[in-house]
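Per-entry structural report
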Amino acid sequence: MARLEVPRPATFVTLTGFMGVGKSRIGRELARALMLHFIDLDRYIERRTGISIPDIFRHLGEEAFRRMEKEAVRELVGKDYLVLSLGGGTFMDPESQKALLGRGPVVALWASPETILERATRKPGERPLLQVENPLERIRTLLEARAPVYRKAHIHVSTDGRRVEEVVEEIVEKLWRHAEARGA
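Residues numbered from 1 in each chain as written. Predicted model: local features only at pLDDT ≥ 70, side-chain atom pairs only at ≥ 80, totals over all residues. Heavy atoms only, no water.

1. Some words on the sheet that holds strand β5 (residues 155-158)
Our working definition: Paired strands are those between which DSSP finds at least two bridges. Comment: elements are numbered from the N terminus, with helices defined as DSSP H or I runs of at least four residues and strands as E runs of at least two. Axes here mean lines fitted to C-alpha atoms, for a helix over just the part in contact, with angles spanning 0 to 180 degrees between N-to-C directions. We call two residues in contact whenever any of their non-hydrogen atoms come within 4.5 Å of each other.
Taken together, five strands build an open sheet; the order of strands is β2-β3-β1-β4-β5 and the sheet is parallel. Edge positions in the sheet fall to β2 (37-40) and β5, since each of these pairs with one other strand and no more. Averaged over all neighbouring strand pairs, the angle between strand axes comes to 20°, with direction disregarded. Across four bridges, the pairing between β2 and strand β3 (residues 82-85) is parallel. When the bridges of β3 are listed, D40 appears paired with S85. Sheet strands touched by helix α2 (residues 41-49): β2 and β3. Its angle to β2, the strand with the most contacts, is close to 75°.

So, in structure tokens, the structure goes:
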């Protein structure tokens, strides 16, 4: 069968950013808009291990989870026609970061700490890093530490108070500009 070439700004896009910024939801819609496959890295790890992310943290620890993330990224950067939504800490790993930045455009999604808290606590118990006395302060601290790394992404988009469709439209426009700037 002949391959159908669809005009698109990229065939591999990574979404990074803090938990609760909308990576999974936006990633799914972005993949649809670009006619690409979608993989949520956390769900991918859960399917491969048969264990939920909170249970991995609870029983195996964060270090084991980060090793699983790194291995999954190594595997997935070899794929094509993919929008990959990372977990909030995945991009902090220098090896994964380098592989992803070299593979295709990385889009960082941003939201305020208050928006993140509201979104991230909709399903209690699903965010192991927020199981603390003051989750808003924890978000601020982690976000401040991670922001310089997220800023290494090629494209930046805010999701605060915006509809998914609006964010996806902005990402697609910025992906086209990124592709044109690179001469693709």
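2. Structural notes on the pairing of strand β1 (residues 12-17)
Spelled out, the test is: Remark: exposure states derive from per-residue accessible area (1.4 Å probe, protein chains only) relative to the maximum for the residue type, with buried under 20%, exposed over 50%, and partly exposed in between.
Most of β1 is tucked away: six of the six residues are buried. Every second residue of β1 is oriented toward a common face, with F12, T14 and T16 on one face and V13, L15 and G17 on the other, all of them buried. Pairing analysis gives four bridges linking β1 to strand β4 (residues 106-110), with the strands arranged parallel. Pairing of T14 across the sheet is with V106, part of β4.

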